[in-house]
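Descriptive analysis of the structure
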Amino acid sequence: MRRIPALLALCGALALPVSPAQPQTAAIALELPVDCALPQRCAVQFHVDRRPGPEIGDYRCGRLSYDGHRGTDFRVLSPEDFAAGIPVLAAAAGRVAAVRDGMDDIDVTELGRERVEGRAGGNQVVLVHDGGWETHYWHLRKGSVAVQPGQTVSAGARLGIVGLSGDTNFPHLHFELRRERRVVDPFDVGPGDPACTATPAGLWTESAAAILDYAPVFAQLGFTTRQVTRADATYGRAPRPEPGSRPQELFLWFELYGLAKGDHVSLQWTLPDGRARNPAQFTWQEPQSYAFRSGKLNLPPPLPAGTYSVRLTVVRDERTLYERDWSIAIR
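Residues numbered from 1 in each chain as written. Predicted model: local features only at pLDDT ≥ 70, side-chain atom pairs only at ≥ 80, totals over all residues. Heavy atoms only, no water.

1. Quick notes on the packing of aromatic side chains
The description of an aromatic ring pair rests on the distance of the ring centres and on the angle between the ring planes. According to the stated counting rule, one finds 15 aromatic pairs in the structure shown. Residues F46 and Y257 carry aromatic rings whose centres are separated by 6.4 Å and whose planes lie at 75° to one another, so their mutual orientation is edge-to-face. Of this pair, F46 sits in strand 1 (residues 42-46) while Y257 sits in strand 12 (residues 250-259), placing them 211 residues apart in sequence. Here Y257 falls in the buried class, since its relative accessible area comes to 0%. Here Y59 and F187 contribute two aromatic rings whose centre-to-centre distance is 5.1 Å and whose plane-to-plane angle is 25°, an arrangement assigned as stacked. In this pair, Y59 sits in the loop between strand 1 and strand 2 (72-76) while F187 sits in the loop between strand 10 (182-184) and helix 4 (206-211), placing the two residues 128 residues apart along the sequence. Here the two residues Y59 and F187 agree in accessibility, since each one is buried. Feature note: the residues Y59, F74, Y137, F175, F187, W204 and Y214 constitute an aromatic cluster, connected by ring pairs. Geometry around F82 places R141 over its ring, the cationic atom sitting 5.2 Å from the centre. (Phe/Tyr/Trp six-rings, centres within 6.5 Å; stacked < 30°, edge-to-face > 60°. Helix = DSSP H or I, 4+ residues; strand = E, 2+ residues; numbered from the N terminus. Buried < 20%, exposed > 50% of the residue type's maximum accessible area, 1.4 Å probe, protein only. Lys NZ or Arg CZ within 6 Å of the ring centre and 35° of its normal.)

2. Digging into the pattern of salt bridges
For the structure shown, the criterion picks out 16 salt bridges. The shortest N-O distance in the salt bridge between R113 and D167 comes to 3.0 Å. Remark: D167 occurs in the loop between strand 8 (158-161) and strand 9 (172-179) and R113 occurs in the loop between helix 3 (108-111) and strand 5 (123-129); sequence separation between them is 54 residues. What makes D167 partly exposed here is its relative accessible area of 28%. Ionic pairing is found between D273 and R275, a salt bridge with its closest N-O pair at 2.7 Å. The network of salt bridges with shared partners includes E110, R226, D232 and R237. (Salt bridge = Lys/Arg side-chain N within 4 Å of Asp/Glu carboxyl O.)

3. Let's talk about the sheet that holds strand 16 (residues 306-316)
Within the open sheet, the four strands sit side by side as 14-13-16-17. Their pairing is antiparallel. Sheet topology places strand 14 (280-283) and strand 17 (319-330) at the edges, where each strand pairs with a single neighbour. For this sheet, the mean angle separating the axes of adjacent strands, direction not counted, is 10°. In the sheet, strand 13 (residues 264-270) pairs with strand 14 via four bridges, with the strands oriented antiparallel. Across the sheet, the residue bridging to H264 is T283, located in strand 14. (Pairing = 2+ DSSP bridges. Axes fitted to C-alpha atoms, helices over the stretch in contact; angles between N-to-C directions.)

4. A look at the nonpolar core
Nonpolar side chains in soluble globular proteins tend to be buried together. Counting 42 residues, the largest nonpolar core has F74, V125, Y137 and L173 as its most contacted members. Contributions of two or more residues to this core are made by strand 1, strand 2, strand 4 (94-100), strand 5, strand 6 (133-140) and strand 9. Grouped together as the second largest cluster of nonpolar side chains are 32 residues, Y257, L267, L303 and L312 included. (Core = buried A, V, L, I, M, F, W, Y, C linked by side-chain atoms within 4.5 Å.)

5. Focus on unusual backbone geometry
Cis peptide bonds are those with omega within 30 degrees of zero, and the linkage from L38 to P39 qualifies with 0°. Checked against the element boundaries, P39 lands in the loop between helix 1 (6-9) and strand 1. Cis geometry is found at the peptide bond from P301 to P302, where omega equals -10°. One can find P302 in the loop between strand 15 (288-297) and strand 16. Within the chain, E180 stands out as a residue other than glycine whose phi angle is a positive 50°.

6. Some points on the pairing of strand 5
Burial analysis of strand 5 places six of its seven residues in the buried class, which makes it a mostly covered element. With five bridges joining them, strand 4 and strand 5 adopt antiparallel strand pairing. Considered in strand 5, the bridge of A98 is made with V126. As paired elements, strand 5 and strand 6 share six bridges and run antiparallel to each other. Following the sheet pairing, L127 is matched in strand 6 by T135. Taking the residues that link successive antiparallel strands as the turn, the strand 5-strand 6 hairpin has three residues, and the phi of G131 there is positive, at about 85°.

Given below as structure tokens:
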């Protein structure tokens, strides 16, 4: 498979201008580029950064982005789904302009960014469409690219599998839309309303837009028998209590996305006998696109059998933005 030409790759250092797609040029309709249930198994972790300079803002003025980000990141949520393989699909009918394959699937924090210089998109596919549109599919799994340059594909055609190649430290598809070499946010067909009012379906088809509901904050949480790192949690290296075992200690880890300054985060444990522990509470002092934390349930060992649950709540300006319960049974 031939190397992606520099003009099409543009993987990393070169920041293309972000241009909202005006209604009169919206001659493309995008299907979901992943075959994955949202938000149960996959989630949009980051959007296009629509703020100039060092400021960060997605199309709803939230913080689900990072400085200079030019695409939409569809994250695979569980290590099991990532290992099984999540197909990457053509979002629209088009012609394969270029492909790259053969790069290893390794977290860039372990590999080193110097090893992917000039190839930040990893294994990837570029499609060209009528009207000057391009779609880019980055970070595909090594050996999974299923198309060749010059090939014509229909919407929904399989292009590869979500991987971990290139400049990335979590399993996801970076989906990037361009028109005449300018990055376009597929969620916003308007000029970027500073009031951040709800927008129409953008450039997504009706069926895709119905799935892609915007959530300003979302989280993941897991239970483990020891303190773990972000990489442990991301790649399934966090040991869970074995069925039938009585662990001496119980830990949890959680990830939060889209935090604003002043957000109030609460973690409330409930024990098998129904008692609620005093919640652990945090107030975020600075906005963060992403945060990882871990902690321990302080109970004398061995832990009583039963179901342990945790409620994670995020409150912003006295309004609950996010609330979800997780539980684990220990026998």
